[in-house]
Amino acid sequence: VQLQASGGGLVQAGDSLRLSCAASGLTFRRYTMGWFRQAPGKEREFVAAVKWSGNEITYADSVKGRFAISRDNAKSTVNLQMNSLKPEDTAVYFCAAGQRVISSSMKSDQAYDYWGQGTQVTVSS
């Protein structure tokens, strides 16, 4: 299984970025997909997740209204549209895939089976 995240970069506060994660080696449509992030010196935290059907989506409170997660099961990709970026959004962003993720566990990194390598997002003030 491979999860390849891309789209990170250096932007200014208020700008937008779109992260993408391409999955291979798994039956993508059977997996809940999530985005997590880890800032220097901090623990990894949940950002957003979408169930296999795309009908159930959840966000961290810190990104709600600014970020949007979407998936394309035909292309085995999951995207994270990030708008109105803030310096506190600076982190390495990871995509993750979990096959048996119940609704109450979507925000827990323990629920996910596979992880990508991460892509750096840096937001300057």
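Note: the structure precedes this text.
Figured I'd write up the structure that's included with this text. (Residues numbered from 1 in each chain as written. Predicted model: local features only at pLDDT ≥ 70, side-chain atom pairs only at ≥ 80, totals over all residues. Heavy atoms only, no water.)

If you look at the biggest cluster of nonpolar residues, it comprises 39 residues, and the most contacted ones within it are Met33, Trp35, Leu80, Met82 and Tyr93. Of all the secondary structure elements, the ones that give two or more residues to this core are strand 1 (2-6), strand 3 (17-24), strand 4 (32-38), strand 5 (45-50), strand 7 (67-72), strand 8 (77-82), strand 9 (91-98) and strand 11 (119-124). (Core = buried A, V, L, I, M, F, W, Y, C linked by side-chain atoms within 4.5 Å. Buried < 20%, exposed > 50% of the residue type's maximum accessible area, 1.4 Å probe, protein only. Helix = DSSP H or I, 4+ residues; strand = E, 2+ residues; numbered from the N terminus.)

To continue, consider the packing of aromatic side chains. For any pair of aromatic rings, geometry is given as the distance between the ring centres together with the angle between the planes. Scanning all chains against the criterion turns up five aromatic pairs. Geometrically, the ring pair formed by Tyr31 and Tyr114 is tilted, given 6.2 Å between the ring centres and 50 degrees between the ring planes. Residue Tyr31 is located in the loop between strand 3 and strand 4, and its partner Tyr114 is located in strand 10 (residues 114-115); the two are separated by 83 residues in the primary sequence. Judged by its relative accessible area of 7%, Tyr31 falls in the buried class. The class of Tyr114 is partly exposed, set by a relative accessible area of 32%. Ring geometry for Phe36 and Tyr112: centres 5.3 Å apart, planes at 80 degrees, overall edge-to-face. Of this pair, Phe36 sits in strand 4 while Tyr112 sits in the loop between strand 9 and strand 10, placing them 76 residues apart in sequence. (Phe/Tyr/Trp six-rings, centres within 6.5 Å; stacked < 30°, edge-to-face > 60°.)

Read these as geometric descriptors, not functional statements.
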